[in-house]
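Given next are the chains, with one letter for each unit.
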Amino acid sequence: ITYRNSWRLQVHCIYDLAFKPDGSQLIVAAGNRVLVYDTADGTLIQPLKGHKDTVYCVAYAKDGKRFASGSADKSIIIWTSKLEGILKYTHNDSIQCVAYNPVTHQLASCSSGDFGLWSPEQKSVSKHKVSSKITCCGWTNDGQYLALGMMSGVVSIRNKNGEEKVKIERPGGSSSPICSERNKKVTHKLADWGQRLSFYQLSGKQIGKDRQLNFDPCCVSYFSKGEYIVMGGSDKQASLYTKDGVRLGTIGEQNSWVWTCRVKPDSNYVVVGCQDGTIAFFQLIFSTVHGLYKDRYAYRDSMTDVIVQHLITEQKVRIKCRELVKKIAIYRSRLAIQLPEKILIYELYSDDSSDMHYRVKEKICRRFECNLLVVCSQHIILCQEKRLQCLSFTSVKEKEWIMESLIRYIKVIGGPPGREGLLVGLKNGAILKIFVDNPFPITLLKQNTSVRCLDMSTSRSKLAVVDEHNTCLVYDIHTKELLFQEPNANSVAWNTQCEDMLCFSGSGYLNIKASNFPVHQQKLQGFVVGYNGSKIFCLHVYSMAAVEVPQSAPMYQYLERRMFKEAYQIACLGVTDSDWRDLATEALEGLDFDTAKKAFIRVRDLRYLELINSIEERKKRGESNSELFLADVYAYQGKFHEAAKLYKRSGHDNRALTMYTDLRMFEYAKDFLASADPKDTKLLMKKQADWAKNSKEPRAAADMYLTAGENMKAIEIIGEHGWVDMLIDLARKLDKAEREPLARCAEFFKKLDHHGYAAETYSKMGDLKALLQLHIEARHWDEAFSLVEKHPQFKDDVYVPYAQWLAENDRFEEAQKAFHKAGRQAEAVKVLEQLTHNAVVESRFNDASYYYWMLSMQCLDIARDVEEKKEEMLKKFHSFQHLAELYHVYHSIHRYMVEPFSSNMPETLFNLSRFLFHNLTKDIPLGISKVYTLYALAKQSKALGAYKVARHAFEKLQGLKIPARFQESMELSCLTVRSKPYHDSEELIPMCFRCSTNNPLLNNQGNVCVNCRQPFIFSASSYEVLPLVQFYLEEGITDEEAVSLIDLEVPRADRKTARWQEMSTCSESQSLKLDDDDDVERPEVDPFTAKLSFEQGGCNFVPVLVSRAVLRSMSRRDVLIKRWPKPLSWQYYRSLLPDVSITMCPSCFQMFHSEDYELLVLQHNCCPYCRRPFDEPN
């Protein structure tokens, strides 16, 4: 606390003081005048006269426009800032105090019996009576409330209108009058003549306990934004207190009571007014009380608290001492705090480096006077001028050292507990090392100038000193040699992690020095007190900060001297990523691969790490060409021309060429090659084309590939981009021997749907198979078939895919034929079987019949071609032929049953159903309904008069499941048929044309004669029995011979109209005889007719065998021949009624009445059975 100035007025007492808000003027209440002083130099500006008696109080408005004075003459005068009186008003008693509202600038004036409120806007002063004399008053900071202190010891809280809100009655009453009062926000501070200091809330609730003062207070003021309190009174001094009322010390002692004290706005100046007329001006300067050890910094806060700050983690802990903190010392886990009457020793709860919890270890309850305080693990060191005392924590003095000069600096430099070393600097320049367990100091060195700051390097080998001339000197401790010195230093610190680095501060700059390199400077305010890694601990005014300082400058200093390992150590303290990269690059270029690798790991540069690993591998394999390694490094760094020169110098031209081409620097590559081998030039052109391709310049790439002779790559690019014109030009230029490029061209033509160009290319190559495949893939079947005609060996290659294509397009019949043509019988049969099954399931029985017929013909072809399957296939042939006929017949029956109208005659339907009934005695084929067959038979029999057959059919239906829609009509028909005669119409009875026997309509033998067992031959349309008899050739007669014999046709006599005449003989047999008219002579007997005879009553069928003579007698027009392909034999039929015209289909060999056949062919344009077109040649 520094005393600044004082002066004495020739008056009895200074009752009150007030500062102008800007601090430039001081208003003094002295006698019956108001004095205005200049605070800069203490000169009196002007005395103001206006009061007739003693002036007790003055107050200045916060806006600085006016101030007020109150006097014992009961008047208030308002003065302007220009020191002119503008208003005067009076009370009934002497004025005791005045106070301006800090917000509204309303003036409160208080007298012995009342108080008034005045503002510039009001014409009159509102006054309020009080019960006791007002001794002091004060507004809250927000201007909402006014507190009045009474002689009676009561505090009255009033609002801006003067209404009382709270009343605080102090203990002691009128014996403890309120002498001073100050308000801050919501807290009231009261001092009374009961010698107590108290704090209250606006609500009247007391905060804490009363504090005993031991004197009568006359004035109280807040200092430095409310952090402290200045108080004066009967103890004849002004004292400083904390905001909680803890006394900190004396500001200044006077010769009489201190009647008033005021704080200069926004400053650290205090003015006091005394009873003897003295005005004293003081400046309060708070010294920094702190301690530092490595990364822990302890400092005083609010004069009574200690804050310990961890400079790395920024953690803080506050220790409340509730007394004035005089000294602080910190070392490892110990913290020593000196208070006025004792020293407290704290320790950390744990050994954790980040632990911030302290507890009291020891208390030394003694008053000590010392300049410096140091704490060790088991001792405290007190420094008083030349004397050093070492005390244990139990206050026992263990050692004492008397120095030859004043101690200027002391620091603990570590050591085992109880044996720590101290570094001491004296005013005479001596630097000592003292161990706490050794009574003898050790002189390290002595210099001519006084010591200001000291620090020792981590290895204890170097000592840095800052002297009184602000020079930083660095010594070698062992040799006492001065290593270097630097000017403009006020403090110094060695780096705790790097032996060769220190920093010092001064003149607003931070200086970092590494080894013996030049100093690196940067701006920094304050004192350097520590240096740990890249963090510099700097004390500026009252705050300690850890400043992150990149160690870039010293690192680059090492790099300039190619000291890579030392530079790496500096970088580890903390540098930027770019600095790490520079270090890595420099080390790499200096071929210090170990340091470069570590640095690149720091910046996570995998590319360079791969390079270093590859170089290390090569070194392990015995490579030692440093120029080649350096060339690789330059190439990675982008120094391509330098790399190329090194490659050339080391004899690795190809690497330079590869580098240039990989980088697409083709012009440089050409310059580098100059007059090189043409092969290299061609290779370069190829690489340039590769680059053009990758850089999305495909046309240029294609041209370059063609120039370089890389036809395949050119074709790939051209094809991928669909440049057909360019591709066909290339294909036409290529030699036909270059099959691979031509084939690739053709593939692209196919892909681009240019089949003509593809065909041209394949033709040029002579690749017929590929050409054929092209036609097949393009579905150009005509071209494919024309090619097959010239080259039959490819037949299978065409017909199989053609058949598959037909099948995929639902052209199954054509597909089946194509399979058949291709010789794929299995596929052909499979297609037909599927078609047949589908037709049956879908009730397309006509199609099913056709497909079964085709199947049978397929089986016949297989039987002819494959000998081992002959028997099986012939068996299937007959089965399929039979099924084809059944489905052909059932087609009409089914249509008759499901459709409302039928195009068939009743006789036809009767024959069809009867034929089908005779063939359904065993297994019934899929899809054929026996119910439909019998029902159709029954209905047509009834309609045609075959009642016996109808009744039999209805009886058969009784045992079958009848559809509901036919149930009623069938039952009705079954009843009505019973009313008919039980016989069949004679007209319907079929006759055997071999033996002329009438056969029953329902034949147990099936469709053969009951007498001669000769099978009936039916018309494939109406299924009437045709007048045909099958005959067989005698052994030894071939089909060709038989046909030639029949074709001879021996001439006979002309016949006239012939007729059949029934003849009866004595035997039971019946016969028909064809006779001429009576007037014509009898012709010779037909030899074939003679062959028709058979043994009567035999159970076995006896076929008609004919000899050459009989064949020779036959007429060609009476004979029908089924010319079956091998391995089947031909079948021969003789018409017994030549006038009945019969037509046989040359494909399926089905017999028809000629008229029926012609009608059906006209309707369908083909055979109704095998669907052979009528215009197809036989």
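Under an unreviewed UniProt entry, the name given to the protein is Intraflagellar transport protein 122 homolog, and the organism recorded is Pygocentrus nattereri.

Undergrad: Can you walk me through a nonpolar patch on the surface in this structure?
TA: Together, Tyr-1032, Phe-1101 and Leu-1105 give the surface a local cluster of nonpolar side chains, amounting to about 250 Å² of exposed area. Mapped onto the secondary structure, Leu-1105 falls in strand 59 (residues 1104–1106).

Undergrad: Help me out: how do you make sense of the packing of helix 4 (residues 593–602) against helix 5 (residues 606–620) in this one?
TA: In helix packing, the relevant descriptors are the interaxial angle and the interaxial distance, both defined with respect to the helix axes. Viewed as axis vectors pointing N to C, helix 4 and helix 5 meet at an angle of 155 degrees, and their least axial separation amounts to 9 Å. In terms of their interaxial angle, helix 4 and helix 5 are classed as roughly antiparallel. As for how helix 4 packs across helix 5, the hand of that crossing is left-handed. Where helix 4 abuts helix 5, its residues Phe-593, Ala-596, Lys-597, Phe-600 and Ile-601 lie against Tyr-608, Leu-609, Ile-612, Asn-613, Ile-615, Glu-616 and Lys-619. Of the residues in the contact of helix 4 with helix 5, the class split is eight nonpolar, one polar and three charged.

Undergrad: Where do I start with the UniProt feature "repeat: WD" (unreviewed entry) in the protein in this structure?
TA: Mapped onto the present numbering, the UniProt feature "repeat: WD" (unreviewed entry) falls at residues 48–79. Annotated as 0% helix and 59% strand, the span residues 48–79 places its first and last C-alpha atoms 9 Å apart.

Undergrad: In this structure, what is going on with the nonpolar core? I would like to understand it.
TA: Within soluble globular proteins, side chains that are nonpolar tend to cluster in buried spots. Ranked by internal contacts, the top residues of the largest apolar core, which has 87 residues, are Trp-853 and Met-1151. Setting aside residues no more than four positions away along its own chain, Met-1151 makes contact with Ile-1017, Phe-1018, Ser-1019, Ala-1020, Leu-1026, Leu-1028, Leu-1120, Lys-1122, Tyr-1133, Ile-1142, Thr-1143 and Met-1144. Ranked by size, the runner-up nonpolar core spans 50 residues in total, among them Tyr-293, Cys-370, Ile-380 and Met-403.

Undergrad: For this particular structure, what's the right way to read the sheet that holds strand 3 (residues 25–30)?
TA: Hydrogen bonds between backbone atoms are what pair the strands of a sheet, whose relative direction is either parallel or antiparallel. Reading across from one edge, 2-3-4-5 is the order of the four strands in this open sheet, with antiparallel pairing throughout. The open sheet is flanked by strand 2 (14–19) and strand 5 (44–49), the only strands paired with a single partner. When strand polarity is set aside, the average angle formed by the axes of neighbouring strands in this sheet is 20 degrees. When strand 2 meets strand 3, the two strands line up antiparallel, connected through five bridges. By the bridge assignment for strand 3, Leu-17 is matched with Val-28.

Undergrad: In this structure, what is going on with the pattern of salt bridges? I would like to understand it.
TA: When charged atoms on two side chains of opposite charge get close, those side chains can pair. For the coordinates displayed, the defined rule picks out 31 salt bridges. With its nearest N and O atoms 3.4 Å apart, the salt bridge here joins Glu-347 to Arg-334. Of this pair, Glu-347 sits in strand 35 (residues 342–348) while Arg-334 sits in strand 34 (residues 334–339), placing them 13 residues apart in sequence. Arg-864 is the partner of Asp-861 in a salt bridge, and the nearest nitrogen-oxygen pair spans 3.0 Å. Residue Asp-861 and its partner Arg-864 are located together in helix 21 (residues 845–865), separated by three residues, close to a single helical turn.

Undergrad: I would appreciate a short explanation of the packing of aromatic side chains in the present structure.
TA: We describe a pair of aromatic rings using the distance from one ring centre to the other and the angle between the two ring planes. For the structure shown, the criterion picks out 28 aromatic pairs. Seen in terms of ring centroids, Trp-257 and Trp-259 are 6.2 Å apart; in terms of plane orientation they differ by 20 degrees. Their pairing is stacked. Trp-257 sits in the partly exposed class, given a relative accessible area of 26%. Both rings, one in Phe-845 and one in Tyr-887, keep their centres 6.0 Å apart while their planes meet at 5 degrees; by these two values the pair is stacked. Placement of the pair is Phe-845 in helix 21 and Tyr-887 in helix 22 (residues 870–898), with a sequence separation of 42 residues. Taking relative accessible area as the criterion, Phe-845 reaches 2% and is therefore assigned buried. Of the residues examined, Tyr-887 reaches a relative accessible area of 1% and is grouped as buried. Among the aromatic side chains, those forming a connected cluster through ring pairs are Phe-845, Tyr-852, Phe-880, Tyr-887 and Tyr-890. Lying across the ring of Tyr-349, Arg-359 places its NZ or CZ 4.8 Å from the centre. Taking NZ or CZ as reference, Lys-513 lies 4.5 Å from the ring centre of Phe-484, over its face.

Definitions and limits used
Residues numbered from 1 in each chain as written. Predicted model: local features only at pLDDT ≥ 70, side-chain atom pairs only at ≥ 80, totals over all residues. Heavy atoms only, no water. Patch = residues over 30% accessible without salt bridge, like charges linked within 9 Å, V, L, I, M, F, W, Y side chains within 5 Å. Areas by Shrake-Rupley, 256 points an atom, 1.4 Å probe, with all protein chains shown as cover. Salt bridge = Lys/Arg side-chain N within 4 Å of Asp/Glu carboxyl O. Helix = DSSP H or I, 4+ residues; strand = E, 2+ residues; numbered from the N terminus. Axes fitted to C-alpha atoms, helices over the stretch in contact; angles between N-to-C directions. Parallel < 35°, antiparallel > 145°, perpendicular 65-115°, else oblique. Left-handed = near helix turned anticlockwise from the far one by under 90°. Contact = heavy atoms within 4.5 Å. Nonpolar A, V, L, I, M, F, W, Y, C, P; charged D, E, K, R; others polar. UniProt positions renumbered as here; feature names shortened; annotations may be inferred. Core = buried A, V, L, I, M, F, W, Y, C linked by side-chain atoms within 4.5 Å. Buried < 20%, exposed > 50% of the residue type's maximum accessible area, 1.4 Å probe, protein only. Pairing = 2+ DSSP bridges. Phe/Tyr/Trp six-rings, centres within 6.5 Å; stacked < 30°, edge-to-face > 60°. Lys NZ or Arg CZ within 6 Å of the ring centre and 35° of its normal.

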